[in-house]
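Structural characterization, general
Listed here are the chains, written in short residue letters.
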Amino acid sequence: MKREIKKTNPRLIRLITDLKTLSREKDVHIWRDIAKRLERPARSYAQVNLSKINRYTIEDITVIVPGKVLGAGSIEHKVTVAALNFSDSALEKIKNKGGSCLTIEQLVEINPSGSGVKIMQ
């Protein structure tokens, strides 16, 4: 029998619910995928270093990380990164290169269709 894991963070509960609702209403599969990744236990959330973002992206792309962006490595081009959390050094390095850091909620408001967004795990 499968045991349901109950989240206690109100922000996370609201985010998962909103992503699922938007996915159903607008038929956008990327938000359903992100919601499913955020439903998993927190210990299995993505932790992506800037070096990985730098390696797998190009200039002016939008990336979503269903977890935390860490500041290890460097970034050499401007990117828009949306994530659940950022380390202080990652925020500083992304902004110094002219990029922007968003919460997942802000990305959903800006781009409800989810077009042109790359998921990094």
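Now for a description of the structure that goes with this document. Computed from a predicted structure; not experimentally measured. (Residues numbered from 1 in each chain as written. Predicted model: local features only at pLDDT ≥ 70, side-chain atom pairs only at ≥ 80, totals over all residues. Heavy atoms only, no water.)

Points about helix 2 (residues 29-39)
Put simply, the rule is: When accessible area is computed with a 1.4 Å probe and restricted to protein chains, residues below 20% of their type maximum are described as buried, those above 50% as exposed, and intermediate ones as partly exposed. For the purposes of this entry, the term helix denotes a DSSP run of H or I that reaches at least four residues, the term strand denotes a run of E that reaches at least two, and both are numbered from the N terminus. The directions considered for the arc are those from the helix axis to the C-beta atoms. The contact rule is simple, with two residues in contact once any of their heavy atoms fall within 4.5 Å.
Ile30, Trp31, Ile34, Ala35 and Leu38 are the residues of helix 2 that are buried. End-on, the buried residues of helix 2 take up no more than an arc of 135°, which puts them together on one face. Elements that come into contact with the buried residues of helix 2 comprise helix 1 (10-26), strand 2 (62-70), strand 3 (80-86), helix 5 (104-110) and strand 5 (117-119).

Topic: the pairing of strand 2
This is how it is decided: Here, strands pair whenever DSSP counts at least two bridges between them. Here, the term right-handed applies to a crossover whose path from the first strand over the helix to the second runs clockwise when the strands point away from the viewer.
Most of strand 2 sits inside the fold, with seven of its nine residues counted as buried. Inspection of the sheet shows strand 1 (residues 46-49) paired to strand 2 by four bridges, in the parallel sense. By the bridge assignment, Ala46 is partnered in strand 2 with Gly67. A crossover links strand 1 with its parallel partner strand 2, the connecting element being helix 3 (residues 50-56), and its sense is right-handed. Direction of pairing for strand 2 relative to strand 3: parallel, over a ladder of six bridges. Counterpart to Ile64 in the pairing with strand 3 is Ala82.

Remarks on the side chain of Thr57
Put simply, the rule reads: Counting of polar contacts relies on pairs of N or O atoms within 3.5 Å, with two restrictions inside protein: one atom must be capable of donating a hydrogen and the other of accepting it, and residues adjacent in sequence are counted only when both atoms are side-chain atoms.
Mapped onto the fold, Thr57 is located in the loop between helix 3 and strand 2. On the accessibility criterion, Thr57 (8% relative accessible area) is buried. A polar contact of 2.5 Å, which involves the side chain of Thr57, links it to the backbone oxygen of Ile53. At 2.8 Å, the side chain of Thr57 forms a polar contact with the side chain of His77. Apart from residues no more than four positions distant in its own chain, Thr57 is found in contact with Val63, His77, Val79 and Met120.

Description of the nonpolar core
Using the following cut-off: Here, nonpolar core means buried Ala, Val, Leu, Ile, Met, Phe, Trp, Tyr and Cys residues that are tied together by side-chain atoms lying within 4.5 Å of each other.
Counting residues in each nonpolar core, the largest one holds 20 residues, and the members touching the most others are Leu19, Trp31, Ile34, Leu38, Ile64 and Ile104. Mapped by element, the contributors of at least two residues to this core are helix 1, helix 2, strand 3 and helix 5. What Trp31 contacts, discounting residues up to four positions off in sequence, is Leu19, Leu22, Ser23, Ile64, Leu107, Val108, Asn111, Pro112, Ser113 and Gly114. Leu50, Ile53, Val69 and Phe86 belong to the second largest nonpolar core, which has 17 residues in total.

Points about unusual backbone geometry
In the Ramachandran plot, Asp27 falls in the positive-phi region, its phi being about 55° despite a non-glycine side chain. The residue Asp27 is located in the loop between helix 1 and helix 2 in this model. Judged by its relative accessible area of 56%, Asp27 falls in the exposed class. Despite not being glycine, Asp60 shows a phi value in the positive range, around 60°.

Some details on the pattern of salt bridges
Between side chains of opposite charge, a pair can form when the charged atoms approach closely. So the rule is basically this: The salt bridge criterion pairs a side-chain nitrogen of Lys or Arg with a carboxyl oxygen of Asp or Glu, the two atoms within 4 Å.
Under the counting rule described, the total for this entry stands at four salt bridges. Between Glu39 and Lys20 there is a salt bridge; the shortest N-O distance is 2.4 Å. Pair noted here: Glu39 is in helix 2 and Lys20 is in helix 1, with a separation of 19 residues, a long-range link. Classification of Glu39 as partly exposed rests on a relative accessible area of 31%. Between Lys78 and Asp60 there is a salt bridge; the shortest N-O distance is 3.5 Å.

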